[in-house]
Amino acid sequence: MEKSTETVTWGVRVRNATGSVMLPLMTFVILFAAWELIVRFMDVQAVILPAPSVIFAELFTSFSFYLPHIGVTFYEAMVGFVIGTVLALIGGVVMSQSRLLERMLLPVAVLAHVTPIVVIAPLFMIWFGFGTFPKILVAAIISFFPMLINSTTGFRSVDESNLEYMRSLHASRWEIFFKLSLPGSLPFLFSAARTCISMSVIGAVVGEMSGASKGLGNVVMVSANYLQMDRMFAAIFLLALMGILLTNAVRVVEKRFLAWHSSGH
Amino acid sequence: MSYITIKDVHKRFVRRGQWTEALSNIQLDIEKGSFVSFIGPSGCGKSTLLRIVGGLMEAEEGEIAIGGKSPQELLKAKQFGFVPQSPALFPWRTVLQNMNIPFEVNRQKVFNSEEQGDPISLLKAVGLGDFVHAYPKELSGGMKQRVGIARAFATGAPILLMDEPFSALDEITKEVLMHQLKQIWEEHKKTVLFVTHNIHEAVYLSDKVVVMSARPGRVSRVIDINLERPRDEAVIGTPIFNDYITELRESLRERWG
Ligand SMILES: Nc1ncnc2c1ncn2[C@@H]1O[C@H](COP(=O)(O)OP(=O)(O)OP(=O)(O)O)[C@@H](O)[C@H]1O
Ligand SMILES: [Mg+2]
């Protein structure tokens, strides 16, 4: 009995692994193979589109060149993500507690959100120089809004009868927040975090592209200027990989925290 | 001697700019340690009345005193064991963790420790011994209700406000829980306000059955149940028991005709 259930779960796990890792991987292998074949047989010039084999060769042979750039972009994105989401969470708490404050603060947040970040980034460079700070700022701004909206919605979407039960125990405002609103809104917060963390990489790159001497965004810019297509594609590939890995890191944490929630399964 | 005194209570709600009278001119005296059932058609204000007595809602007019104090004062002192109509379980907490909510919250007020029950043995008693560490989504509706009931018992609160706690249970489980409720009540002489749609349940458990009618919600009759205490199942089906059933059924029907 015991054994058979174990086999079943193991089987399910294998199938899940196949579904979530193997299948997408297969698609990518096919895509890269097609790309490789097209480049080879249609004689596409390397300055237009390098073959995947060339890109990966470049990536592996000069990996030590990329490493510090990866580090810089990762650092900017992560610090920006943390600052942006923490501020957004504070904003979400404030806005969920008071409609008046929401009406005052939300327009500012919306304005910051709808203004294209690409046109603000050069301004930050003028104000704050070429260092990492303006990039962190861009990453923070870009990851602020999704978290603000989701956390406000999440903190508000408290189950009425649970709330009433807490009130029947004369729970304080903070007990209600920490024991009910916050855990209840974790699904909202994690779904925002998944968006925010890949947005923060975009923010860091946007910042780097408007003026930097380091970072993968800078590598893309410089290599584009010199038509070093293999290098440019290698950097793009690394950025995509960073986005995927970070989003999945959030997913892993989410699964641990949200075992009780159906989407966490 | 009246313990809970409800005097001229009115409660209105606004809906689409229109006032609806949810409770109209409610007068009621409830003795300390008595078991009172509320029965009446859906929407007649039973839950609303329970909320007002429990200090969760305020009436526009009228007065409520519980042992000379206001419902809010008792609420602050954690004197109510509230079993809401929809079982208030936090989905991220296991059954046992849900049982602990009343003890974790508002800690400076402690429950009467003598009357507190051990959460695990209470869960066993309501047939959930195997689900102590389960999450609410793994429970059926009736199982969730049982957790809510066990939780109210565990706190040892002297006043139980139970809003249709048995509505989602099968007959047999309901009987078992009814006896448990009766036992706990007999042991600790809690004051119980119990909303139900079930006439038999009401007669078997209560000292007093309050019949309510709808639109506006009002008390249409109060029937004292003078069956012997302590009671057991033997009383069910006796002529006097059946007389109460008939009386109750008729006063409920009057309000429909
Ligand atoms: N928060 C509220 N806002 C507006 N109207 C309400 C509110 N709560 C209850 N009502 C109205 O008050 C009336 C009584 O509601 P209540 O929930 O007390 O009925 P009930 O007797 O418990 O019914 P049921 O047996 O279906 O649970 C209903 O007409 C309902 O529409
Ligand atoms: Mg009700």
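Quick caveat, the model's predicted, so the values are computed rather than measured.

Conventions and cut-offs
Residues numbered from 1 in each chain as written. Chains lettered and ligands numbered in written order. Predicted model: local features only at pLDDT ≥ 70, side-chain atom pairs only at ≥ 80, totals over all residues. Heavy atoms only, no water. Near = heavy atom within 4 Å. Polar contact = N/O pair within 3.5 Å; in protein donor to acceptor, adjacent residues only side chain to side chain. Areas by Shrake-Rupley, 256 points an atom, 1.4 Å probe, with all protein chains shown as cover. Helix = DSSP H or I, 4+ residues; strand = E, 2+ residues; numbered from the N terminus. Pairing = 2+ DSSP bridges. Axes fitted to C-alpha atoms, helices over the stretch in contact; angles between N-to-C directions. Core = buried A, V, L, I, M, F, W, Y, C linked by side-chain atoms within 4.5 Å. Buried < 20%, exposed > 50% of the residue type's maximum accessible area, 1.4 Å probe, protein only. Contact = heavy atoms within 4.5 Å. Phe/Tyr/Trp six-rings, centres within 6.5 Å; stacked < 30°, edge-to-face > 60°. Lys NZ or Arg CZ within 6 Å of the ring centre and 35° of its normal.

Caption draft 1: Here's a closer look at the site of ligand 1. Residues and elements named next belong to chain B. Neighbouring ligand 1 are the residues F13, A22, S42, G43, C44, G45, K46, S47, T48, Q85, E164 and H197. In the environment of ligand 1, an oxygen atom lies 3.2 Å from a nitrogen or oxygen atom belonging to the backbone of C44. Calculation on ligand 1 without its partners gives an accessible area of 630 Å², and the protein chains cover 66% of this total. Considering every element that reaches the shell around ligand 1, the biggest residue donor is helix α1 (residues 46-53), with 3 residues.

Caption draft 2: Highlighting the sheet that holds strand β2 (residues 18-31) of chain B. Residue and element names in this part refer to chain B. Taken together, 3 strands build an open sheet; the order of strands is β2-β1-β4 and the sheet is antiparallel. Edge strands, defined here as strands with exactly one partner in the open sheet, are β2 and β4 (61-66). Adjacent strand axes in the sheet meet at a mean angle of 20° when their direction is disregarded. Of the strand pairs in this sheet, strand β1 (residues 2-15) and β4 are connected by 5 bridges, and their pairing is antiparallel. When the bridges of β4 are listed, I4 appears paired with I66.

Caption draft 3: Representation of the nonpolar core in the model. Within the largest apolar cluster, 80 residues are counted, with the highest numbers of intra-cluster contacts made by B:I6, B:F38, B:V53 and B:I66. Among the elements that make up this core, the one with the highest residue count is helix α8 (residues 173-209) of chain A (13 residues). Beyond its immediate stretch of four places on either side in the chain, B:F38 contacts B:L28, B:I30, B:K46, B:L49, B:L193, B:F194, B:V195, B:T196, B:V210 and B:M212. In terms of nonpolar packing, the next biggest core, distinct from the first, is built from 48 residues, B:M99, B:L139, B:I149 and B:V203 among them.

Caption draft 4: Summary view of the packing of aromatic side chains. Taken as a whole and judged by the stated rule, the model has 19 aromatic pairs over all chains. Their ring planes at 85° and their centres at 6.0 Å tell us that A:W174 and A:F177 sit as a pair that is edge-to-face. Taken together, the positions of A:W174 and A:F177, both in helix α8 and 3 residues apart, correspond to about one turn of that helix. Note on A:F177: relative accessible area 4%, which makes it buried. Linked through ring pairs, A:F32, A:W35, A:F56, A:F233 and A:F237 together constitute an aromatic cluster. Sitting over the ring of A:F65, A:R231 keeps its end group 3.8 Å from the ring centre. The residue whose ring lies beneath B:R151 is A:Y165, and the NZ or CZ to ring-centre distance is 3.8 Å.

By themselves, these figures tell us nothing about what the structure is for.
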